[in-house]
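A structural walkthrough
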Amino acid sequence: MKRVTLVLSLIMVGAIAFEASAQLDKAEAKEWKNKAKEYKKNPEALKQLVDDKDALQGQVNSLKSDNNSLQSKLSDKDAKISELQDDMAKLRSDLAAAKAAAREKPAAQPKMESGGKMVDGIVFKVQIGAFRNKDLSKYFENHENFGGESEDGMQKITLGQFRDYWEADTFKKYLREMGVKDAWIVPYQDGVRKEIKDVLEGVVTEKPADSE
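A short tour of the structure in this document, coming up.

Thresholds, definitions, all that
- Residues numbered from 1 in each chain as written.
- Predicted model: local features only at pLDDT ≥ 70, side-chain atom pairs only at ≥ 80, totals over all residues.
- Heavy atoms only, no water.
- Phe/Tyr/Trp six-rings, centres within 6.5 Å; stacked < 30°, edge-to-face > 60°.
- Helix = DSSP H or I, 4+ residues; strand = E, 2+ residues; numbered from the N terminus.
- Buried < 20%, exposed > 50% of the residue type's maximum accessible area, 1.4 Å probe, protein only.
- Contact = heavy atoms within 4.5 Å.
- Salt bridge = Lys/Arg side-chain N within 4 Å of Asp/Glu carboxyl O.

Topic: the packing of aromatic side chains
What characterises a pair of aromatic rings is the spacing of the ring centres plus the angle enclosed by the ring planes. The final tally for this structure, using the stated rule, is 3 aromatic pairs. Where Phe124 meets Tyr165, the ring centres are 5.4 Å apart and the plane angle is 80°; that geometry is what we call edge-to-face. Here Phe124, found in strand S2 (residues 122–132), pairs with Tyr165, found in helix H4 (residues 165–177); they are 41 residues apart in sequence, far enough to count as distant. Residue class for Phe124 comes out buried when judged on its relative accessible area of 0%. With centroids separated by 5.5 Å and ring planes inclined at 45°, the aromatic side chains of Phe162 and Phe171 adopt a geometry described as tilted.

Right under this line is the structure:
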């Protein structure tokens, strides 16, 4: 068995020496030939050299495997970060769209409580006050010229229905002269309360001379 091992060792040394001599200059080749002779005389040292080489190669292979595993984990981490970034971008886009939709959505209209027939088109009423904890809705039914609406816990009371703005304005002045200091004109379009500036154009004619 020792003889077989020695033969194999010599073959390996010869192969190493041959490969080295193919790449080394004469001086280096001679040096390695001398080392090969030394290993021929001391096969135990050659075996230790080969064992050490195998052990180091095993460590190199293990380090390569660990490096590949780390690279795989790093790739998974990068993919997860990219996925989270995509989710964040989508959430930001959804938030921006929601904000835009909220800006475009019209404000909720106050709840109408006035009774009687709803008047189509634009009409003007005179609001005489807004009251909290005062419910007059039972008096609205079947009284087209007396009505109200609820908003934010307040009940707003209105009197009259006028197609002509200046008639409403004259009525408002009469009410103020009678002591209703908070009387003011509010417009409605198809039963929905509107801002005065949104309905005046094309509806309000020139102010009559006797309205001064």
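Details of the side chain of Lys156
By the secondary structure assignment, Lys156 is in strand S4 (residues 154–162). If near-sequence neighbours (up to four positions away) are discounted, Lys156 is found in contact with Gln127, Gly129, Ala130, Gly147, Gly148, Glu149, Glu151 and Arg193.

A word on the pattern of salt bridges
In the structure shown here, the tally under the stated rule is 5 salt bridges. Lys47 is the salt-bridge partner of Asp51, the closest N and O atoms lying 2.9 Å from each other. Taken together, the residues Asp51 and Lys47, both in helix H3 (residues 43–104) and 4 residues apart, mark about one turn of the helix. Among the residues examined, Asp51 registers a relative accessible area of 33% and is labelled partly exposed. Judged by relative accessible area, Lys47 falls into the partly exposed class, the value being 49%. Where Lys197 meets Asp198, a salt bridge forms, and the shortest distance between an N and an O atom there is 3.3 Å. Connected via shared salt-bridge partners are Asp169, Lys172 and Lys173.

That's the geometry; what it means functionally is another story.
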